[in-house]
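Geometric and topological summary
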Amino acid sequence: MVDESQARKLIIEIGKLLYERSYVVSSDGNISCRLDENRILATPTMTCKGRMTEDGLAITDLDGKALNDKKASSELALHLLIYKMRPDINAVCHAHPPHGTAFSVAGLAIDAPILSEVILTLGCVPLTAYGTPSTNELTESMKPFIAHHNALLMANHGAVAYGEDLWQAFDRLETLEHTAKIAILSRALGGANDLPKDAIEKLINIREKAGYLSESARCQSCGYLHETDIRCGLDGNSVNKPNSNGAKISLSREELIDLLNQAVGSQS
Ligand SMILES: [Zn+2]
């Protein structure tokens, strides 16, 4: 249960950030969060995300039925699909950040193992097939990936990221965009060096132990695994299964840095 006035403030703040950071222009993009089990607070249609007001936000149920007098974004269906498939997710940010969107226009996933912290936290970002915005085509093409990833690229359209709360959804979108930007810049400098195979394996083991991403994230589209001995063990039943070692382990920042140093130190 989220405080509604706090959620309204945060959506306005994140809308401004999306606009100021050029992740959206004009009336692009949309943001939403769960207010409770059956109510979603969402940005309104045809409004610049940099100029929204707290009283202008729409409220709908999980089927998109309006619960106040504001009309929600026409792309709300993709948010609702994510909420229905992922009970752990409480906020969704969709935008057209230029570097991430350039990957989607070029037909590329963001899945090269170039940054250790991105492998640990966000994981790879798959590219889902093109679908006309605000139609079933779009949501159908995203369906197979939602359970295993926390951010997706939509071909020739943009990006969506989601999290436990609004800041986590925004942060994931920002990490996606930052990673895409670094990948493009490194290509301009002569090409990116991938992390070595054994370093990738260690990072994937750490992220599963720490509970950042479960084994289900080693799915059909995980580009990190191509060079490693780790295999995707995904079958239809393994979605949302806990880690093989059972409970989540939480690491302090120091412990994490220590593990990272061990993982990355072995390559030099
Ligand atoms: Zn869009």
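You'll find the structure just up there.
So, a few notes on the structure that sits alongside this text. (Residues numbered from 1 in each chain as written. Predicted model: local features only at pLDDT ≥ 70, side-chain atom pairs only at ≥ 80, totals over all residues. Heavy atoms only, no water.)

For strand S1 (residues 30-36) and strand S2 (residues 39-42), the ladder comprises four bridges, and the chain directions are antiparallel. Residue pairing across strands places arginine 34 opposite isoleucine 40, the latter belonging to S2. Hairpin connection, S1 to S2: the antiparallel pair is bridged by two residues. As defined by bridge partners, S2 adjoins strand S3 (residues 58-60) across three bridges and the pair is classed as antiparallel. Looking at S3, one finds that alanine 42 is bridged to alanine 58. (Pairing = 2+ DSSP bridges. Helix = DSSP H or I, 4+ residues; strand = E, 2+ residues; numbered from the N terminus.)

Right, let's get into the coordination of the zinc ion. Here the zinc ion is held by Glu75 (OE), His94 (NE2), His96 (NE2) and His157 (NE2), and the distances to it run 2.1 to 2.7 Å. Geometry at the zinc ion is irregular, judged from its four donor atoms and the angles of 73 to 163° they form at the metal. Summarised as a motif, the one-chain spacing of the donors to the zinc ion is E-x18-H-x1-H-x60-H. Of the two residues, glutamate 75 sits in the loop between S3 and helix H2 (76-85) while histidine 94 sits in strand S4 (residues 91-95), which places them 19 residues apart along the sequence. (Donors = N, O, S within 2.8 Å, 3.2 Å for Na, K, Ca; no water. Tetrahedral: all angles 85-135°; square planar, octahedral: opposite > 155°, others 65-115°.)

Purely geometric numbers; function is a separate question.
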